[in-house]
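Structure assessment
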Amino acid sequence: MTALLAPPPPVRRAPRPPSPGATRDPFIDLLRVFGMVLVVVQHWTIPVLAFDGAVLTTGNALATPGVWVVTWVSQVMPLVFFAGGAAGAISFGRARDGAPHWVLARLRRLTWPLLPLAAVWIPLPHALAALGVPAQPLETGARLTGQLLWFLAVYLIAVVATPWMTGLHIRYGWRVPGVLAAGAVATDVVRFAAGWDALGYLNIVFVWLAVHQVGFLYAEGRVTRPGAMAAGGFGAAALLVWAGPYPGSMIGLPGAELSNMAPPTLAMLAVAAGQIGLATLLRPWLLRLPLGGLLGWAGPRIMTVYLWHMPALFAVAGVVVVGLGAGTPEPLGPAWFAGWPLWFGALCLVMWPLLRAFARFEEPPALPYGRIGWPGALVAAGLTGGGLLTLTVAGFAPGVAPVAGVAALAGGLLLTLPRGAGTARGRKHARHPVSATMG
């Protein structure tokens, strides 16, 4: 059984960073930080909110006619998955304790920052309801807090697949993302021809693993024609949107019949290729920017920013929109632009103490890892993935589901520990060599 679960026999020519001997690639750090910051800015900027005393209505400023083209840049999850693939390839290439240990280390880093979020949000909706906060806005906030964890659930798939995908990469190189892209094409063709919308969820694997796999190629310095990649990717996306049935927006919009994100479509994969090509083309200029200090400060805090930026939004919206009854202005109008600095400043003021309180959880405790093979590592990954999926669907709205989801996360985390007392060797290797949670 263990042999069946093990990744392909290694040919130890692991992916390497573009700069020989480097332990980190600042370009990958820059993409990760840039991507997460842009996600936060977008989430804080686009809500269109109004409260009538009982119901909070939510809209999206990007639904304004013609503004959808912004999403071809602002939807940066492709760059985050690409950066994660490159960092994972570099990290796995340096691993010395075996693939299951590497996966366990990743699971621990992924799960640990979620514990304080759960510790706050499991009781918080009950406490706010007891204080008289209206039920519908409260449930909206609790559910959306969990829905953002979709990214971690999908990223977990890529992490667990990395040992196998590394073996395929060593053997087949560019053909691996090519086959995954072909899978995305076939999925969309059958989905739209037969009307099987549920089939589109296969592209969670095909699209995001293809993007993640291109990061492996970058880590070996094999993304050599970024200009052609950018032009081809954005050109293909424009053709797909023009021919249909794909919408122009790369994020889901209220009232839209189809989303390019949930599930991801071939158009999203095309935009991903365009973004990766453009970013790689700009790499020499980006690395000249004096951003070392900023990246050094932001890198160890970026996961906290991602997890807590929506609670900060709910706090400000709860006071301004629900408490004071002041709805957001008409999107992209004069009042919207005039009020945006105040809105953004209030959000930053709320985010700052959250960052100070919870950034310490980015680094898991230096506890020993268990001596565990692939079956145990996959069980731990299954529990973690099940917990993330449960919270993505149910959020933290009062009920059994969030408690079950958090219990599954805790179970997966516990499986990273040894069954008995930690050994000196375990303590020596307790911390994973890569410090970035998404790396």
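In case you missed it, the structure is sitting above this.
Numbering of residues starts from 1 in every chain and runs along the sequence as written. Local features are withheld for residues below a pLDDT of 70 in this predicted model, meaning they are given only at 70 or higher, and side-chain atom pairs are given and counted only at 80 or more; totals for whole chains, interfaces and linings count all residues. Side-chain metrics rest on all non-hydrogen atoms present in the structure, leaving aside hydrogens and water.

A few words now on the overall build of the protein. For helices the rule is a DSSP run of H or I covering at least 4 residues; for strands it is a run of E covering at least 2, with both sets numbered from the N terminus onward. Looking only at helices and strands, the protein has 19 helices and 2 strands in total. The globule rule puts the C-alpha radius of gyration for 439 residues at 22 Å, and the 22 Å found for the protein is close to it. Counting only C-alpha atoms and orienting by the principal axes, one finds that the protein spans roughly 60 × 55 × 50 Å. Throughout this description, buried means an accessible area under 20% of the type-specific maximum (1.4 Å probe, protein chains only), exposed means over 50%, and partly exposed covers the range between. For the protein, with 439 residues in total, the buried portion stands at 51%. Pairs of residues are marked as contacts when any of their non-hydrogen atoms sit within 4.5 Å. Look at the contacts in the protein between residues 6 or more apart in sequence, and 84% of them connect residues 24 or more apart. Each accessible area is a Shrake-Rupley estimate made with a 1.4 Å probe; only the visible protein chains count as cover when residues are assessed. On the protein, roughly 19200 Å² of surface is accessible, and the fraction owed to carbon and sulfur atoms is 71%. Charge assignment: positive for Lys and Arg, negative for Asp and Glu; neither His nor the chain ends contribute. Taken as the charge centre is NZ of Lys, CZ of Arg, CG of Asp or CD of Glu, depending on the residue. Averaging the positions of the 27 positive and the 12 negative side-chain charges in the protein gives two centres separated by 18 Å. The globule rule used for comparison is 2.2 Å times the number of residues to the exponent 0.38, while the radius of gyration itself is calculated over C-alpha atoms.

Let us now look at the packing of aromatic side chains. Paired rings are identified among Phe, Tyr and Trp, the last through its six-membered ring, by centres lying within 6.5 Å, and are further divided according to the angle between planes into stacked (under 30 degrees), edge-to-face (over 60) and tilted (the rest). In total, this model carries 22 aromatic pairs according to the counting rule given. Judged by centre distance (5.4 Å) and plane angle (85°), the rings of Phe81 and Phe151 are edge-to-face. In this pair, Phe81 is assigned in helix H4 (residues 77-94) and Phe151 in helix H9 (residues 150-172), connecting sequence segments 70 residues apart. Here Phe81 falls in the buried class, since its relative accessible area comes to 0%. Seen from their ring centres, Trp150 and Phe151 are 6.2 Å apart, and the 75° between their planes marks the pair as edge-to-face. Overall, the relative accessible area of 25% leaves Trp150 in the partly exposed class. Using a relative accessible area of 0% as the deciding quantity, one classes Phe151 as buried. Every member of this aromatic cluster is reached through a ring pair, and the members are Phe81, Trp150, Phe151, Tyr155, Trp208 and Tyr306.

Turning to the environment of Arg356, a few remarks are in order. Within the secondary structure layout, Arg356 lies in helix H16 (residues 334-358). The exposed category is assigned to Arg356, whose relative accessible area is 57%.

The next thing to look at is the pairing of strand E2 (residues 56-60). Each pair of strands is called paired provided DSSP finds at least two bridges between the two strands. Pairing analysis gives 5 bridges linking strand E1 (residues 47-51) to E2, with the strands arranged antiparallel. Pairing of Phe51 across the sheet is with Leu56, part of E2. Counted along the chain from E1 to the antiparallel partner E2, the turn is 4 residues long, and its residue Gly53 has a positive phi close to 105°.

Across its 13 residues, helix H8 (residues 135-147) extends 18 Å between first and last C-alpha, which sits within 8% of the 18 Å expected from 1.5 Å per residue. Taken together, the buried positions of H8 are Pro137, Leu138, Gly141, Ala142, Thr145 and Gly146. Residue count minus one, scaled by 1.5 Å, sets the expected span of a helix.

Its 17 residues give helix H11 (residues 203-219) an end-to-end C-alpha distance of 24 Å, which sits within 8% of 24 Å, the value for a rise of 1.5 Å per residue. Most of H11 is tucked away, with 14 of its 17 residues classed as buried. Note on H11: the residue one or two positions beyond its end, Gly221, has a positive phi of about 70°.

Time to look at the nonpolar core. One finds Phe82, Phe151, Leu152, Trp208, Leu307 and Leu388 to be the most contacted residues of the largest nonpolar core, which totals 116 residues. The element best represented in this core is helix H15 (residues 302-323), accounting for 14 residues. Within the second largest apolar cluster, 6 residues are counted, among which are Ile46, Leu62, Val67 and Ile251. Take the buried residues of types Ala, Val, Leu, Ile, Met, Phe, Trp, Tyr and Cys, join any two whose side-chain atoms come within 4.5 Å, and each joined set is a nonpolar core.

Bringing the pattern of salt bridges into the picture now. The salt bridge definition used is simple: a Lys or Arg side-chain nitrogen within 4 Å of an Asp or Glu carboxyl oxygen. As enumerated under the stated definition, the model contains 6 salt bridges in all. For the salt bridge of Glu139 with Arg143, the shortest nitrogen-to-oxygen distance reads 2.8 Å. Within this pair, Glu139 and its partner Arg143 are both found in helix H8, separated by 4 residues, close to a single helical turn. Judged by its relative accessible area of 31%, Arg143 falls in the partly exposed class.

Within the element layout of this structure, Asp29 appears in helix H2 (residues 26-45). Judged by relative accessible area, which is 16%, Asp29 ranks as buried. Counted as a polar contact is a pair of N or O atoms within 3.5 Å, where, for protein atoms, one must be capable of donating a hydrogen and the other of accepting one, and residues adjacent in sequence contribute only when both atoms are in side chains. A distance of 2.6 Å separates polar atoms of two side chains, one belonging to Asp29 and the other to Arg32. In this view, Asp29 contacts Arg24 and Leu295; residues no more than four positions away in its chain are not counted.

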